[in-house]
Amino acid sequence: MSKRLLLTLALPIGFALAIISCNSQPDEGTLSKGKDLFTKHCMSCHGLQDDGIGPPLGGVTSVVAEPQLIDFIKNPSKYIDSQDIRFSLLKQKYKLVMPPFEWLPEDDISAIVAYLKQQTELFDIPPLDVTQQSKEAGLSGQLVSAPQPSDISIELEEVVQLPALGESSDLGVVTLRSSPIGDGAMFASDQHGVIYRIKDRKATVFMDLRNELPDFQSGPGIATGLGSFDFHPHFRNNGLLYISHAEAYKGQPADYVVSDTLRSVAQWIVGEWKANNPMDTVFSGIYRELLRVHAPTFAHGMQDIGFIPGLEKNHPDYGMLYFGYGDGGSNNIHHPELGITLNRSWGAS
Ligand code: HEC
């Protein structure tokens, strides 16, 4: 083989190898998988730039090396217990140790880290300075004088224990209401989808949304499942109750959509349920959907829903149903406009 031919072959091969070795950027598939996993498993506690239950994660890839980051995410308490100053300060600041993600395949954790790195570079996010006590340095954080202890004491008595449902321990009992028919019962809802009737210290299932709604979705975060419920002030006569709940997004049309470029991960629905007999201790009746809203992320959804209690019948708010919707996590994905525009449903009540 002539020298010239060798050179002609060697040059393109060398060039191709150089391209392969430089091309360490993660592909689009990895980044979108990382984003989905981050939204699903991390966003209930972390934003990219804003403080949450945990620190903002944008910028962390510039100060902690990738193998250590992956190892930390798998088992944070190992680092917190070690003498590592960064993680000890984080624990002090956030007063919580993050849950371990050992069960998540390493490829998935790497994809999350790749997504964090890409977002950091895209938005030029600086790393968190863990030695800084608070972002609002100079403010006391206290707008009114500290409360004075009173001599009132409160006794806590266990009435009933409700069963642990579903996989997500983030979800639990969120709403407790007294019986609208004055029989001394109470009703409690578990975000996993069940409303219990509690009478004489015994809880029985009043309604199980998991059996009623095929697309009902509880988990992965605290802002999914059965949001809340309330009885109409005339429940005794009309048998009406209202429930907010989340559903898996399968392309269903909604009254409020995020935009045609932002994918909805779930939807929140306000539903009206009409009992056949308001005196029944187990619900049977019909369902009517009142409102359906896209959820941009699994965070900050539609939680409380209710009528203002104790109003006179002639009050303009009497019989009005109110609900609050968080920003749907839109801030976390750099779309704050969704939550601050008055004609949209996010960030509103
Ligand atoms: C229940 C809340 C919670 C969840 C869910 C959570 N974290 Fe955390 N995370 C925290 C808290 C609190 C801290 C700070 C205290 C500590 O280190 O444990 C933290 C710290 C971190 C740090 C260290 C940040 C730094 O600046 O050094 C990383 C990295 C991290 N989390 C990644 C993740 C990832 C990735 C996920 C999802 C797979 C996740 N976390 C899910 C609460 C959470």
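An unreviewed UniProt entry annotates the protein as C-type cytochrome originating from Imperialibacter roseus.

**Q** Go over the side chain of His294 with me, naming the residues and quoting the values.
**A** Following the sequence through the fold, His294 ends up in strand β8 (residues 285–295). Setting aside its immediate chain neighbours within four residues, His294 contacts Tyr249, Gln252, Ala254, Tyr256, Val257, Val258, Ser264, Ala266, Gln267, Tyr325 and Trp346.

**Q** Kindly report on the layout of surface pockets, identifying the contributing residues and their values.
**A** Estimates place the volume of the largest pocket at around 1,000 Å³. Lining the largest pocket are 45 residues, and of these His41, Cys42, Cys45, Pro99 and Phe101 sit closest to its centre. Looking at the lining of the largest pocket, the elements that each hand over two or more residues are α2 (28–41), α4 (66–74), α5 (76–81), α6 (85–94) and α7 (106–123). The dominant element in the lining of the largest pocket, judged by the number of residues it contributes, is α6, at 5 residues. Looking at the lining of the largest pocket, its residues break down into 29 nonpolar, 11 polar and 5 charged. What the second largest pocket holds in volume is close to 300 Å³. Along the walls of the second largest pocket sit 15 residues, with Asp230, Phe231, Pro233, Phe307 and Pro309 positioned nearest its centre. Broken down by secondary-structure element, the contributors of at least two residues to the lining of the second largest pocket are β1 (173–178) and β5 (226–231). Here the lining of the second largest pocket is built from residues that sort into 8 nonpolar, 5 polar and 2 charged.

**Q** Describe in detail the site of the ligand, supporting the description with residues and values.
**A** By nearness alone, 23 residues border the ligand, and Cys42, Cys45, His46, Arg86 and Met98 come closest of all. His46 places a polar side-chain atom, nitrogen or oxygen, 2.8 Å from a nitrogen atom of the ligand. Within the contact set of the ligand, an oxygen atom lies 2.8 Å away from a backbone nitrogen or oxygen of Met98. Under a 2 Å grid-point criterion requiring more than half of the atoms, the pocket assigned to the ligand is the largest pocket. Of all elements in the fold, only α4 and α6 reach the threshold of two or more residues within the shell around the ligand. Broken down by element, the shell around the ligand gets its largest block of residues, 4 residues, from α6. For the shell around the ligand, a count of residues per class yields 19 nonpolar, 3 polar and 1 charged.

**Q** Residues and numbers for the sheet that holds strand β4 (residues 202–208), please.
**A** Ordered in space as β1-β2-β3-β4, the 4 strands form an open sheet in which the pairing is antiparallel. Two strands lie at the open edges of the sheet, namely β1 and β4, each paired on one side alone. Taken pair by pair, the neighbouring strands of this sheet meet at an average axis angle of 25°, ignoring direction.

**Q** Quick rundown of the nonpolar core? Include the residues and the values.
**A** Nonpolar side chains in soluble globular proteins tend to be buried together. Counting 48 residues, the largest nonpolar core has Phe38, Phe87, Ile112, Leu116 and Tyr325 as its most contacted members. For this core, the element with the most residues is α7, which contributes 5 residues. If near-sequence neighbours (up to four positions away) are discounted, Phe87 is found in contact with Val64, Gln68, Phe72, Tyr79 and Ile80. Membership of the second largest hydrophobic core comes to 17 residues, among which are Phe187, Phe231, Trp273 and Phe283.

Here is what the cut-offs are and how they apply
- Residues numbered from 1 in each chain as written.
- Predicted model: local features only at pLDDT ≥ 70, side-chain atom pairs only at ≥ 80, totals over all residues.
- Heavy atoms only, no water.
- Helix = DSSP H or I, 4+ residues; strand = E, 2+ residues; numbered from the N terminus.
- Contact = heavy atoms within 4.5 Å.
- 1 Å grid on protein atoms, 1.4 Å probe; cavity = no way out; pocket = protein on both sides within 12 Å on 5 of 7 lines; lining within 4 Å.
- Points joined across faces, edges and corners; volume = space filled by probe spheres on them.
- Nonpolar A, V, L, I, M, F, W, Y, C, P; charged D, E, K, R; others polar.
- Near = heavy atom within 4 Å.
- Polar contact = N/O pair within 3.5 Å; in protein donor to acceptor, adjacent residues only side chain to side chain.
- Sits in = over half its atoms within 2 Å of the grid points.
- Pairing = 2+ DSSP bridges.
- Axes fitted to C-alpha atoms, helices over the stretch in contact; angles between N-to-C directions.
- Core = buried A, V, L, I, M, F, W, Y, C linked by side-chain atoms within 4.5 Å.
- Buried < 20%, exposed > 50% of the residue type's maximum accessible area, 1.4 Å probe, protein only.

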